[in-house]
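Survey of secondary and tertiary structure
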Amino acid sequence: MHALTGFSLVSLLSFGYLSWDWAKPSLVADGPGEAGEQPTASPPQPPHIIFILTDDQGYHDVGYHGSDIETPTLDRLAAKGVKLENYYIQPICTPSRSQLLTGRYQIHTGLQHSIIRPRQPNCLPLDQVTLPQKLQEAGYSTHMVGKWHLGFYRKECLPTRRGFDTFLGSLTGNVDYYTYDNCDGPGVCGFDLHEGENVAWGLSGQYSTMLYAQRASHILANHSPQRPLFLYVAFQAVHTPLQSPREYLYRYRTMGNVARRKYAAMVTCMDEAVRNITWALKRYGFYNNSVIIFSSDNGGQTFSGGSNWPLRGRKGTYWEGGVRGLGFVHSPLLKRKRRTSRALMHITDWYPTLVGLAGGTTSAADGLDGYDVWPAISEGRASPRTEILHNIDPLYNHAQHGSLEGGFGIWNTAVQAAIRVGEWKLLTGDPGYGDWIPPQTLATFPGSWWNLERMASVRQAVWLFNISADPYEREDLAGQRPDVVRTLLARLAEYNRTAIPVRYPAENPRAHPDFNGGAWGPWASDEEEEEEEEEEERARSFSRGRRKKKCKICKLRSFFRKLNTRLMSQRI
């Protein structure tokens, strides 16, 4: 590493970024531990934090879980670090990302329902202090590469306004891996690749997994290891559309199921991207004082090649297959390495854990739902967490067979909710499709045998499982343990009393990319935001029976009121 000090910055860039060759894995060190690891005691400065988040990667879709997909880098990093085998995330994209960056449950950010759609005037609440903002306060340089999916209707919602010094990636939920086009319905399509707050038209055509790994290396090449770094790499992979470079597909040419074949190629490509990022950490002098965290964002989508076997359910459900996360920590700073942790952890825990590692502080006034779990990870201590609120979603379709009476008068069991307390897990309402789905190895998947383990005719709205004894959720104990059901229903009711109103506004036609030069991006001004709030208030008033007068004079009065507001705003 010392031999590099005589090179100019141009030399570093030309070798490490511009001439990156993905087709030749031999250019990269064989593994994370081969480049001369040095034993370290207490670090001389706060550690560099690299958080890698994958999209829609199933629980079964990593080599060390017995997958048929090759992930040698992830396997090696996990084997030499700490595997997190009692780690939970959220069932879909926006909720996991919002809880990672705020340390709060969805009920405390107003994002309880679904995801943030591209045309919704909605984003991560602006009054929340985000993880990168806290790290900036601690002296960190913060960079994000990849998928945002936390809203962008106003410039104040963008990553560079929420704590990141730089950003390269997409703002919406899914884009084409090469063209970066995204359609939010027929005819509502636009380009979505941004650098900072500008549209990155010139980067189109590069496969996103490779582009993001190259940018991560570029950041490392241009940053001094003497200043602490937070690098958040949120890969688009392996979310649909199923697209992969040809050389990775060839490895799985004998795999019968086409979706599984493409998906496997995408996972392996992402694995090699992680290997290149890890190698760059070594090459540029970051590795010995770094903490690498790997996490999935939700369960795999089984209809698109993913697999959560042997867990029940899939992406979008509150069964274990939807919320049990892939996760591990790799770092020379770990006190106890090469082991598996079964300490209970949740994605909200990363906020206080990483702030603590950075030398920052959190307090009860921050309103966090996460815990500092670094002692549990690094030293093998017990987790401070004893329960997890998976979510309470009052807007999701109410279960037909649920009722307040069915919840002992404590909780309306028609409402979709899930909670874990100790070894017990309770689900109410409609948790989503409760299938056990094996890996899609057959060319004719799903086929007629699909119905063998389907739960299509369930007529209930309460489930109780002992997750420690029954991690696959095959034995419902709700009927046998009404005492536990009552206790957990009461806990749900307690959480619900702290919930803030759901924010899920109607889509705004002004967000159409055609009004923004053909690209997705911010569209609302402060005045439009006020108008949106007025519209929502009028809608609430109408629903309470206050009918709005429809007359020409009313419309004129409204027009001049808005005009006067805009004139006053310009004068101020």
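As the structure is a prediction and not an experimental result, all values here were calculated from the model.

On to the packing of helix α2 (residues 72-79) against helix α7 (residues 258-283), then. Packed helix pairs are specified by the crossing angle of their axes together with the interaxial distance, meaning the distance between the axes. Direction vectors running N to C along α2 and α7 enclose 55°, while the axes themselves pass 7 Å from each other. One finds that α2 runs oblique with respect to α7. Of the residues in α7, those in contact with P72, T73, L74 and L77 of α2 are M270, D271, V274, R275 and T278.

The subject of this paragraph is the packing of aromatic side chains. On inspection of all chains with the given rule, the structure shows 15 aromatic pairs. On the numbers, 5.9 Å between centres and 75° between planes, the contact of Y105 with Y495 is edge-to-face. Here Y495 lies in helix α11 (residues 482-496) and Y105 lies in the loop between α3 (93-102) and α4 (131-137), a separation of 390 residues in the sequence. With a centroid separation of 6.0 Å and an interplanar angle of 20°, the aromatic rings of F164 and Y232 are classed as stacked. Of the two residues, F164 sits in the loop between β4 (141-147) and β5 (166-170) while Y232 sits in strand β10 (residues 229-234), which places them 68 residues apart along the sequence. Accessibility expressed as a relative area gives 2% for F164, which makes it buried. Three or more aromatic residues joined by ring pairs form one cluster here, namely F51, Y87, F164, F230, Y232 and W350.

Further remarks concern unusual backbone geometry. Trans peptide bonds make up most of the peptide bonds, and negative phi angles are found at most residues other than glycine. Across the junction of A237 and V238, the peptide omega takes the value 10°, indicating a cis bond. In this fold, V238 is placed in the loop between β10 and α6 (246-251). We note that F408 has phi near 60°; this positive angle belongs to a residue other than glycine. Structurally, the position occupied by F408 is in the loop between β15 (387-393) and β16 (416-421). Under the relative-accessibility criterion, F408 is labelled partly exposed at 34%. In the Ramachandran plot, E473 falls in the positive-phi region, its phi being about 55° despite a non-glycine side chain.

Rules used in this analysis
- Residues numbered from 1 in each chain as written.
- Predicted model: local features only at pLDDT ≥ 70, side-chain atom pairs only at ≥ 80, totals over all residues.
- Heavy atoms only, no water.
- Axes fitted to C-alpha atoms, helices over the stretch in contact; angles between N-to-C directions.
- Helix = DSSP H or I, 4+ residues; strand = E, 2+ residues; numbered from the N terminus.
- Parallel < 35°, antiparallel > 145°, perpendicular 65-115°, else oblique.
- Contact = heavy atoms within 4.5 Å.
- Phe/Tyr/Trp six-rings, centres within 6.5 Å; stacked < 30°, edge-to-face > 60°.
- Buried < 20%, exposed > 50% of the residue type's maximum accessible area, 1.4 Å probe, protein only.

So yeah, pure geometry; function would need other evidence.
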